[in-house]
Each structure stands twice: as C-alpha cells, then as structure tokens.
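Spelled out from the first residue to the last, the chains are:
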Amino acid sequence: LRSREVLLREIHHCVKNNLQVVSSLLNLQQHAVEDARAQAVFLECQTQIQSMALVHEQIYQRAELDGVGAAGYVESLVRYLAGVYEAEWRGVSVSVDAKGELRLDLDSAIPAAIIVNELVSNAFKHAFPDGRKGAVRVRVDLSAVGEAIIEVADDGVGFAASMAAKAPDAPRSLGLDLVQALARQLRGELGFRDREGGGSVCLLRFKPLLREGPLEAVD
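What you see is a predicted model; the values in this text were computed from it and never measured.

Participant: Explain the pattern of salt bridges here, please?
Facilitator: Side-chain pairs of opposite charge can arise where the charged atoms are in close proximity. Per the counting criterion, the structure on display carries five salt bridges. Salt-bridge contacts for D141 lead to R139; the nearest nitrogen and oxygen are separated by 3.7 Å. Take D141 and R139: they sit in the same class, and that class is buried. Taking the shortest distance from any N to any O, the salt bridge between R205 and E147 comes out at 3.2 Å. Placement of R205 in strand β7 (residues 200-206) and of E147 in the loop between β4 (134-142) and β5 (148-154) is noted, with a sequence separation of 58 residues between them.

And the structure:
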C-alpha cells in the first residue's frame, strides 16, 4: 500500500511537471507571434493548462491521494491569474474567501478549476475597462445540504455593459460555452447576474463526491 501511494504521488508530480512544460511552450509561442488575437488565445490556453497543473500539485503535496482541498488550489490559481493579468498594477484587488473544507475528487476538481480559471480571467479582462479600479472576490464554500459553492464576483461594469462595449466584429469567445459545458459535466447549476450596486456575480453549485475530513500537508 505504501509503494502504491508513492507511485500515485509520483504520477501526479510527473503530470504536473509535464503540464508545466506545455505551459512554457505555449508561453514561448505567445511571444513568437505578433497578432494580438493569437496572443490572447495562447494566453488563454496557458492559463487553462496551469489550472489543471495546480490540481495535480495540490494532490501531490497532500497526505491523502483520493481528493483535493478546493480552497488551496483555488487560492493558488487566483493568485496566479492576478499576476498574469497584472491585477495589482491595474488597481484591482483580489480575495479568496474559503469558509469550509471542500474536498473534490480529481474528476470534479479539474472541471471546477477550469471554470474558476475562465470566470476569474473574464473578470480581469472585461470588468475593468479604461483603467477602472475595483475588486474581484472568489468564494469557496460547502452548503448545509452538501453542495459545493464556488462564486466569482466583481464590482466592475457588469455583464450588460461589457457585452455592449464588445466590438460587433469581435470573434465569439469559447469561454462561456466551455464553462457551461463543464458545469453540465459536474451536473451542477451555473448562474450569472449583474449586481444592483454595479458589477457581476457568477455562481456555480454542484454535488462534490468528497467533502469530509481535513487534509494534512506532508513534508
């Protein structure tokens, strides 16, 4: 059993490293092209791959291999995206509110991570145009009925305003389609709304397969 655990841990470590290599290759390709749209596509692919790598990293670093604490990888992912989109330099603050110990199996953690990646990236890209400052808040929680709750909120211009500002000839983004498809894969509910005081809220609810017991870090 101990040998099996070591092997599984090494597999997760190797997968994480290989994903990091792919991410680095995409980063090189991004800087090799001059077209702004192509660069944006490379960056989007890079952040999606990084979101998956962080899940494997969290599993590798934990004592238990049958699940991953959502709060840990969500916080790491949001920190990474804040750096990619230069949130601090733009005057956009970021916070992660993890109220409960939400644990997910790998099949749930990967889609959830990609959803968070897309929602937070969209907030950085579209919620604060023309030098607008603001805040992005991510909440990870477990409801009283055992539902996983992942909420991404901002105090930016809101969905309606960002859609109205989009150029008519702008290419259709696959981000929303991807998020909705992954929410269906999780058999969850995904909702979008504008806030009364300004900004938007995206809320994902789904039933996690693993949700009990704290995870302990290993050396």
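Participant: Can you help me understand helix α5 (residues 106-126) in this one?
Facilitator: Between its first and last C-alpha, α5 extends 30 Å over 21 residues, near the 30 Å set by a 1.5 Å rise per residue. By the criterion of burial, α5 is predominantly enclosed, with 16 of the 21 residues buried. Measuring from the backbone nitrogen of D107 back to the side-chain oxygen at the start of α5 gives 3.3 Å, which picks out D105 as the cap.

Participant: I would appreciate a short explanation of the packing of α5 against helix α7 (residues 175-185) in the present structure.
Facilitator: How two helices sit against one another is set out by the angle between their axes and by the gap between those axes. Where α5 meets α7, the axes come as close as 9 Å, and the angle between the chain directions of the two elements is 155°. As judged from the angle between their axes, α5 and α7 are roughly antiparallel. Along this stretch, α5 crosses α7, giving a crossing that reads as left-handed. Along its contact with α5, which presents D107, P111, I114, I115, E118 and L119, the element α7 presents G175, L178, V179, L182, A183 and Q185. Looking at the contact of α5 with α7 residue by residue, the class counts come to eight nonpolar, two polar and two charged.

Participant: It is not clear to me how the side chain of E118 should be interpreted in this structure. Could you clarify?
Facilitator: When you line up the elements, E118 lands in helix α5. For the buried E118, no salt bridge exists, and the shortest N-O distance to an oppositely charged side chain is 5.8 Å, to K125. Among the polar contacts made by the side chain of E118, one reaches the side chain of Q48 at a distance of 2.7 Å. Those residues in contact with E118 that lie beyond four places of it in its chain are E44, Q48, G175, L178 and V179.

Participant: Which parts of the structure should I look at to understand the sheet that holds strand β6 (residues 189-194)?
Facilitator: What links the strands of a sheet is backbone hydrogen bonding, and the strands pair in either a parallel or an antiparallel sense. Overall, mixed pairing links the five strands, which are arranged β2-β4-β5-β7-β6 in an open sheet. Since the sheet does not close on itself, it has two edges, and those belong to β2 (92-98) and β6, each with one partner. Direction aside, the axes of adjacent strands within the sheet are offset by 10° on average. As defined by bridge partners, β2 adjoins β4 across seven bridges and the pair is classed as parallel.

Definitions and cut-offs
- Residues numbered from 1 in each chain as written.
- Predicted model: local features only at pLDDT ≥ 70, side-chain atom pairs only at ≥ 80, totals over all residues.
- Heavy atoms only, no water.
- Salt bridge = Lys/Arg side-chain N within 4 Å of Asp/Glu carboxyl O.
- Buried < 20%, exposed > 50% of the residue type's maximum accessible area, 1.4 Å probe, protein only.
- Helix = DSSP H or I, 4+ residues; strand = E, 2+ residues; numbered from the N terminus.
- Expected span 1.5 Å × (residues − 1).
- Polar contact = N/O pair within 3.5 Å; in protein donor to acceptor, adjacent residues only side chain to side chain.
- Axes fitted to C-alpha atoms, helices over the stretch in contact; angles between N-to-C directions.
- Parallel < 35°, antiparallel > 145°, perpendicular 65-115°, else oblique.
- Left-handed = near helix turned anticlockwise from the far one by under 90°.
- Contact = heavy atoms within 4.5 Å.
- Nonpolar A, V, L, I, M, F, W, Y, C, P; charged D, E, K, R; others polar.
- Lys, Arg positive; Asp, Glu negative; His and termini not counted.
- Pairing = 2+ DSSP bridges.

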